[in-house]
Structures are given as C-alpha cells and as structure tokens.
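As a plain string of letters, each chain reads:
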Amino acid sequence: MANKEKFKRSWLVYSKTKNALYCTACKLFANSCPSALGKDGFINWKNASERLAEHDISPVHKHKECFIKWKTRLQQMKSCLGIDCDIERQIHSEKEKWRHILHVAMDAVMYLATNCLSFRGSKESQIDFTQHCLQLSRGNFLNLINLLAKYDPTLKCHLDHLKKGQTSYLSKTIQNEMIDLMAIKVRNNIINEIKEANYFTIMFDCTPDVSHTEQMSQVIRYLKRTESGYEIKESFIDFLEVDGKTGEYISQRILDKLQADDLDVEKCRGQSYDNGSNMAGIYKGVQSRILRMNELAVFVPCLHTH
Ligand SMILES: [Zn+2]
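The model shown is predicted, which means the values in this text are computed figures rather than measured ones.

### Section: helix H7 (residues 172–197)
In step 1: Taking 1.5 Å of rise per residue, the 26 residues of H7 would be expected to cover 38 Å, and the 37 Å separating its terminal C-alpha atoms lies within 8% of that figure.
In step 2: Elements that come into contact with the buried residues of H7 comprise helix H4 (83–114), helix H5 (139–149), strand E3 (200–208), strand E4 (214–226) and strand E5 (229–241).
In step 3: Two residues or fewer after H7 comes Asn198, characterised by a positive phi angle close to 75°.

Here it is in structure tokens:
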C-alpha cells in the first residue's frame, strides 16, 4: 500500500501450469471481465504490481461486486445454505448409510460367529430381498439381516432397492472378509494372553475334514491371571493343513506354527496329542523330537483335545 504496509490479496491465485495469475472472484462471478485476471489469466508480469493494484479498485473491472458475491457464497456454504450444500448433505448421508449397513453386517457376523452358527444357505445367489419372510435356504446370515431390517428403516430401504450385481455389503465375500478380520483380532488377543502367562502346553490333534483333507487343530492351554487368582484356559488357535504323516514332518509343522505365532518353544511346559487316533505312532516321534529340544515340555498321554 502507499504507506508501505503489506497485505495479502485473498483473491489472487497463481496457476503453475498456465504460469498466469487469476482473480478467484472475477473468474467465478464476472460475466465478462475486462481484465485478463478474470478471463484467460494475467501474464503481463512487467506491470503486474500496478495492474493488480488497479484491479483492486477499478470500477470498470467490477471486481468489488464479484468479491462480495464470492465471499457471500463462501459464507453460505459454511452455514450450509444453497444447492452445493444440498449435494454436500446428500454425500454425507450416503456415507452415513453405508457406514450403518456395514455396522449392522458386522454385528450380524459377530453374533453368528460367537454363537457358533452357520452363515450361508443353499440358495444365496437367488435371493429376493423384497420378500420379507424368512427363507430357510437363505441361511442364517441373510435371514438375520432380514429380521433386523424389520426394525431398521435404513437397512430395510437398502434391501428394498438392492439390484443384482450391486454392492450390498452382504455378499459371501464380505462375510468371509469380516470373519477373517475378526479371527485375526481374536487370535492376537489369545496369543497375547498366552505370552502374558509365559508358560503353556500345546495340544495338537489330526482329523480329516469333510473333503478328506487331513487337518490338525491347534489348542493351547495356559493360565490366565484374573482378579481373584488364576483361570485355566484352553484356547483354539488354528486349523493347520497337513500333507505329510511322519514324526519329522508333523513336529516341524508344529514348531513352524509356534514360531509364526511368536511363541517360544522354550516356554512350553507340556505337549499332548490324541493318542487314540491312527496318528498315535507318529505322535510318539513328535513328542520325543520336541522333548529333545526342550526337556520341560512334558508329554501328557491320552488327553483329548476336544
Ligand atoms: Zn477481481
């Protein structure tokens, strides 16, 4: 300014790609601006200082009018008036809707999982959500969602407008992803409890699953400190696929798994396997191998792990 005081021109912007200056207010609100600042960009760098000062006060440029319009609109947007704000509100409520659906779906997954209930039905892909009756073939998850929708208008509206192939947050992919995420969380909590307990007993047991793949269940027994003392816990950790039947293979698989869980075999104070199974002979080899590594990992025979 004339008195050498400096002030910032809030309307002035510089475009890197065009290497030009613009006036935000005039660019947005002037019908036909006599200055390049409100049109294709100002590049008259030599006289920039004078021209910019002129733009600020010149009545021909109608800058002041535009400036007031610009600031008024900003104010309106802040206080949520006008069309833009309606759109903003819509985006916000859409976001809230999806967040809500996700919450309900997660609660449903958690409910079924904690109660050991199955999820899926036989005809999940042909589901018509507009039919609000329970259908056995839909399975527990979708029937539960349907039931919840009776008391949840947002969810009901979501189901009513679902079309085939559209994102629903209710597909088997989403169900599985949620189960996996929750399993990781639960498993981590258990592993942390075991680490806090310091010592533990390992229990492994092989059984073929429905598809005749040999699976080994991993259960860990440990003491959990409680307010009144200790509690003995036996926690299931994992199913391991097994494709070998030698003592060496099985013991290596067990040791690898303990390492993957960040559990130190040195802290192991007991090992037990299902002695009645056809694996009994193999387990003999396993326990002696682990005993050789840690003589305190006492073998407890005939202890059924489930
Ligand atoms: Zn202007």
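### Some details on the sheet that holds strand E6 (residues 268–273)
In step 1: One open sheet holds the five strands; their spatial order is E5-E4-E3-E6-E7, and the pairing between them is mixed. Unpaired on one side and paired on the other, E5 and strand E7 (298–299) mark the two borders of the sheet.
In step 2: In this structure, E4 lies alongside E5, joined through twelve bridges in antiparallel fashion. In the strand pairing of E5, Gln215 is matched with Glu241.

### Describing the coordination of the zinc ion
In step 1: For the zinc ion, the full set of protein donor atoms is Cys23 (SG), Cys26 (SG), His55 (NE2) and His63 (ND1), at a range of 2.0 to 2.3 Å.
In step 2: Every donor residue of the zinc ion comes from the same chain, spaced as C-x2-C-x28-H-x7-H. You can see Cys23 sitting in strand E2 (residues 20–23) and its partner His63 sitting in helix H3 (residues 63–78), a full 40 residues away along the chain.

### Comments concerning the packing of aromatic side chains
Aromatic ring pairs are described here by two measures, namely the spacing of the ring centres and the angle between the planes.
In step 1: The full count for this structure, using the stated rule, is seven aromatic pairs.
In step 2: Aromatic side chains Phe67 and Trp70 sit 5.8 Å apart centroid to centroid with 75° between the ring planes, which places their arrangement in the edge-to-face category. Highlighted residues: Phe67 and Trp70, both in helix H3, separated by three residues, approximately one helical turn.
In step 3: Its relative accessible area of 24% is what places Phe67 among the partly exposed residues.
In step 4: Residues Tyr273 and Tyr283 carry aromatic rings whose centres are separated by 4.8 Å and whose planes lie at 15° to one another, so their mutual orientation is stacked.

### Notes on the layout of surface pockets
In step 1: As a volume, the second largest pocket reaches approximately 330 Å³.
In step 2: Lining the second largest pocket are 13 residues, and of these Ile179, Met182, Ala183, Val186 and Arg187 sit closest to its centre.
In step 3: Going through the elements one at a time, H4, H7 and E5 are the ones with two or more residues in the lining of the second largest pocket.
In step 4: Here the lining of the second largest pocket takes six residues from H7, the largest share from any one element.
In step 5: Of the residues belonging to the lining of the second largest pocket, the class tally is ten nonpolar, one polar and two charged.
In step 6: Looking at which domains feed residues into the lining of the second largest pocket, each of domain 2 (86–170) and domain 3 (190–299) gives three or more.

Calculation criteria
Residues numbered from 1 in each chain as written. Predicted model: local features only at pLDDT ≥ 70, side-chain atom pairs only at ≥ 80, totals over all residues. Heavy atoms only, no water. Helix = DSSP H or I, 4+ residues; strand = E, 2+ residues; numbered from the N terminus. Expected span 1.5 Å × (residues − 1). Contact = heavy atoms within 4.5 Å. Pairing = 2+ DSSP bridges. Donors = N, O, S within 2.8 Å, 3.2 Å for Na, K, Ca; no water. Phe/Tyr/Trp six-rings, centres within 6.5 Å; stacked < 30°, edge-to-face > 60°. Buried < 20%, exposed > 50% of the residue type's maximum accessible area, 1.4 Å probe, protein only. 1 Å grid on protein atoms, 1.4 Å probe; cavity = no way out; pocket = protein on both sides within 12 Å on 5 of 7 lines; lining within 4 Å. Points joined across faces, edges and corners; volume = space filled by probe spheres on them. Nonpolar A, V, L, I, M, F, W, Y, C, P; charged D, E, K, R; others polar. Domains from an automatic or database assignment.

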